[in-house]
Amino acid sequence: MKIAVVGATGMVGQVMLKVLEERNLPITELIPVASEKSVGKKVSYKGKEFSIVSMDTAISMKPEIAIFSAGGNTSLEYAPKFAEVGTVVIDNSSAWRMDPTKKLVVPEINASELTKEDKIIANPNCSTIQMVMVLNPLHKKYKIKRVIVSTYQSVSGTGKAAVDQLNAEIANAVNPGSVEVNAVYPYQIFKNALPQCDVFYTDDYTKEELKLMNEPKKIMGDDSLKITATAVRIPVQGGHSESVNVEFENEFDLAEVKEILANTPGVVLQDDVENKVYPMCFYSEGKDEVFVGRIRRDISQPNTLNCWIVADNLRKGAATNAVQIAEYLIANGLV
Ligand SMILES: NC(=O)c1ccc[n+]([C@@H]2O[C@H](COP(=O)([O-])OP(=O)(O)OC[C@H]3O[C@@H](n4cnc5c(N)ncnc54)[C@H](OP(=O)(O)O)[C@@H]3O)[C@@H](O)[C@H]2O)c1
């Protein structure tokens, strides 16, 4: 199996190589791809060095699967070109997510929708994936009416340049003027919390907030879901956290909610306030699971609960989910 990793030098791409290695996919040929400026640079996979190739070279090699993590414009331009030569593209950008002709997949929830006809498959937004992993099993049991989510998102979610901005600002706090800051955010992120993730779009929501509001409906197959979101960037390097308030149509039992989540594959229940056990982004880094805790009744209205959901945005929020899609395609003879 020839697999191309497009965006192999980036934040997601680097983790993608690690996850592919850990999960031991049947790769006979790895094709790392990045922009023209990186062609010839080396990346490592399974202890060996591989040279970055250009998009056109990768297309001419006709890989069975190409996992894209190189931004929306790159996907819009190149995913169809890979698909034309028979490659199945799994795309991490937002380019195809809401396209009605493309599937938006979290394998634990809707991988069974995939068929041999799907040549471009969309991987959802990082903060969406961790939220639906928790919402979906509860929706099946109690039917969700409305969700209010506030996110606390790490800078690695914006990419390499944002991690560089935070690190430069930290260095300058210790030693003023020691490092040049190339800001990707509109303000300093160190010692700050920015109530803006991505650009402002319709109704004064940001694009990130609209992803959180729209993508779950498509993944969970229910357009009646009502979701409102506020997405906030915080000076944390890895792991996104979310405060989620969920109102159900039906009554629920708190112990049963915890039991359902404890038994949901890919979800880890960390909920023991007496012993100060709850999910934290610091401990989610490098892990593939979604962590949920602080589960409690919203005492301000019936049939409503609050919880706190944390995951590594580069893993389950991006690379792990994409590799799980590849695994499903391979295991089911869809590629
Ligand atoms: N970071 C996250 O948590 C996260 C989560 C889910 C989805 N995503 C999505 O994943 C994608 C990558 O994000 P990232 O955080 O990894 O960004 P990043 O660190 O900035 O990396 C971007 C990657 O794309 C490559 N690239 C840029 N332009 C290209 C072109 N024209 N042709 C080929 N390769 C090109 C870059 O190569 P060079 O090194 O050569 O410039 C680099 O490898 C984005 O679409 C993002 O929305 C990110």
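Per an unreviewed UniProt entry, the chain goes by the name Aspartate-semialdehyde dehydrogenase and belongs to Cloacibacterium rupense. Regarding the chain, the relevant UniProt record gives this comment under Function (unreviewed entry): "Catalyzes the NADPH-dependent formation of L-aspartate-semialdehyde (L-ASA) by the reductive dephosphorylation of L-aspartyl-4-phosphate."

Attention shifts here to the UniProt feature "binding site: phosphate" (unreviewed entry) in the chain. Under the UniProt annotation, the feature "binding site: phosphate" (unreviewed entry) is placed at Arg97. Looking at the element boundaries, Arg97 is found in the loop between strand S6 (88-91) and strand S7 (103-104). With sequence-adjacent residues up to four places away left out, Arg97 is seen in contact with Asn92, Leu104, Ala122, Asn123, Pro124, Asn125, Lys211, Glu215 and Lys218. Looking at Arg97, its side chain comes within polar contact range of the side chain of Glu215, at 3.2 Å.

This part is about the domain arrangement of the chain. Here the chain is partitioned into domain 1 (2-124 + 318-331) and domain 2 (128-313). For domain 1 versus domain 2, the distance between C-alpha centres works out to 25 Å. On the domain 2 side, the residues contacting the 21 residues of domain 1 number 18 residues. For the pair domain 1 and domain 2, the summed buried surface comes to about 1600 Å²; carbon and sulfur atoms form 64% of the total. Among the residues of domain 1 in contact with domain 2, Met11, Met98 and Ile109 are the three that bury the most area, contributing 35% of the side total. The tally of links from domain 1 across to domain 2 stands at one salt bridge. Of the charged contacts in the structure, one is a salt bridge between Arg97 and Glu215, with a shortest N-O distance of 3.2 Å. Here domain 1 and domain 2 share seven residue pairs in polar contact (both at pLDDT 80 or more) between them. Elements supplying a minimum of two residues to the side of domain 1 that touches domain 2: helix H1 (11-22), helix H4 (107-110) and helix H10 (315-331). Of the residues assigned to the side of domain 1 that touches domain 2, the class counts are nine nonpolar, six polar and six charged.

To continue, consider the packing of helix H5 (residues 126-142) against helix H8 (residues 254-262). Packing of H5 against H8 brings their axes to within 10 Å, and their N-to-C directions diverge by 130°. Considering the angle they form, H5 stands oblique to H8. As H5 runs across H8, the sense of the crossing is right-handed. Facing H5, whose interface residues are Val134, Pro137, Leu138, Lys141 and Tyr142, H8 presents Glu256, Val257, Ile260 and Leu261. Its residues placed into classes, the contact of H5 with H8 shows seven nonpolar, no polar and two charged.

To continue, consider the site of the ligand. In the vicinity of the ligand there are 26 residues, among which Thr9, Val12, Ser35, Lys37 and Ser38 approach most closely. With respect to the ligand, the side chain of Lys37 contributes an N or O atom lying 2.6 Å from an oxygen atom. The separation between an oxygen atom of the ligand and a polar main-chain atom of Lys160 is 3.0 Å. Burial of the ligand by the surrounding chains reaches 79%, relative to a free accessible area of 910 Å². Elements represented by at least two residues in the shell around the ligand include exactly H1 and H10. Grouping the amino acids of the shell around the ligand by side-chain chemistry returns nine nonpolar, 15 polar and two charged. Split by domain, the shell around the ligand shows at least three residues from each of two domains, domain 1 (2-124 + 318-331) and domain 2 (128-313).

In this structure, Phe82 and Val244 are the most contacted members of the largest nonpolar core, which totals 54 residues. In terms of residues, this core owes the most to one element, H5, which gives eight residues. A domain-level breakdown of this core finds at least three residues from each of domain 1 (2-124 + 318-331) and domain 2 (128-313). By size, the runner-up hydrophobic cluster in this structure holds 33 residues, among which are Met16, Leu25, Ala111 and Ala319.

Let's shift gears to the pattern of salt bridges. One pass over the structure, following the stated rule, counts 14 salt bridges. Among the ionic pairs, Asp99 bridges to Lys102, the shortest N-O distance being 3.7 Å. For Asp99, a relative accessible area of 21% puts it in the partly exposed group. Lys102 sits in the buried class, given a relative accessible area of 16%. With a closest N to O distance of 3.4 Å, Lys143 and Asp222 form a salt bridge. Linking Lys143 in the loop between H5 and strand S9 (144-153) with Asp222 in the loop between helix H7 (207-220) and strand S10 (226-233), this pair joins segments that are 79 residues apart in sequence. Lys143 gets classed as partly exposed once you look at its relative accessible area, which sits at 33%. A relative accessible area of 15% means that Asp222 is categorised as buried. A single salt-bridge network, built from bridges that share partners, covers Glu22, Asp288 and Arg315.

Attention shifts here to a nonpolar patch on the surface. Where nonpolar side chains cluster on the molecular surface, the patch consists of Tyr278, Met280, Phe282 and Tyr283 and spans about 440 Å² of accessible area. Mapped onto the elements, Tyr278 comes out in the loop between strand S12 (267-269) and helix H9 (281-284). Residue classification places Tyr278 among the partly exposed positions, given a relative accessible area of 32%.

How each quantity is defined
In every chain, residue numbers begin from 1 and rise along the written sequence. Local features in this predicted model are restricted to residues whose pLDDT is 70 or higher, and side-chain atom pairs enter the listing and the counts only when it is 80 or higher, whereas totals over whole chains, interfaces and linings include all residues. Side-chain metrics in this entry use all non-hydrogen atoms of the structure; hydrogen atoms and water are not considered. UniProt positions are given in the numbering used here, feature names are shortened, and annotations may be inferred rather than shown by experiment. Numbering of helices and strands runs from the N terminus; a helix is a DSSP stretch of H or I covering at least four residues, while a strand is a stretch of E covering at least two. Contact definition: two residues touch when any of their heavy atoms are within 4.5 Å. Polar contact is the term for a pair of N or O atoms within 3.5 Å; when the atoms are in protein, one must be able to donate a hydrogen and the other to accept it, and sequence-neighboring residues count only if both atoms are side-chain atoms. An automatic or database domain assignment is the source of the domain bounds shown. Once two parts are joined, some of their accessible surface, as seen by a 1.4 Å probe, is lost; buried area is that loss totalled over both. By definition here, a salt bridge exists when the distance from a side-chain nitrogen of Lys or Arg to a carboxyl oxygen of Asp or Glu is within 4 Å. In the scheme used here, Gly and all other residues not listed as nonpolar or charged are polar, with Ala, Val, Leu, Ile, Met, Phe, Trp, Tyr, Cys and Pro taken as nonpolar and Asp, Glu, Lys and Arg as charged. To define axes, lines are fitted to C-alpha atoms, for helices over the stretch in contact only, and angles between the resulting N-to-C directions are given on a 0 to 180 degree scale. Working rule for angles: under 35 degrees goes down as roughly parallel, over 145 as roughly antiparallel, 65 to 115 as roughly perpendicular, anything else as oblique. Crossing handedness is read from the near helix: turned anticlockwise from the far helix by less than a right angle, it gives a left-handed crossing, and turned clockwise, a right-handed one. When we say a residue is near a molecule or strand, we mean one of its heavy atoms is within 4 Å of it. Exposure was quantified through the Shrake-Rupley algorithm and a 1.4 Å probe, taking into account, for residues, occlusion by the shown protein chains and nothing else. Joining through side-chain atoms within 4.5 Å is the link that ties buried Ala, Val, Leu, Ile, Met, Phe, Trp, Tyr and Cys residues into a set, and such a set is a nonpolar core. In this scheme, a residue with accessible area under 20% of its type's maximum is buried, one over 50% is exposed, and one in between is partly exposed, where area comes from a 1.4 Å probe on protein chains only. Residues forming no salt bridge and having over 30% relative accessible area are the ones grouped into patches, like charges within 9 Å of each other and nonpolar side chains (Val, Leu, Ile, Met, Phe, Trp, Tyr) within 5 Å.

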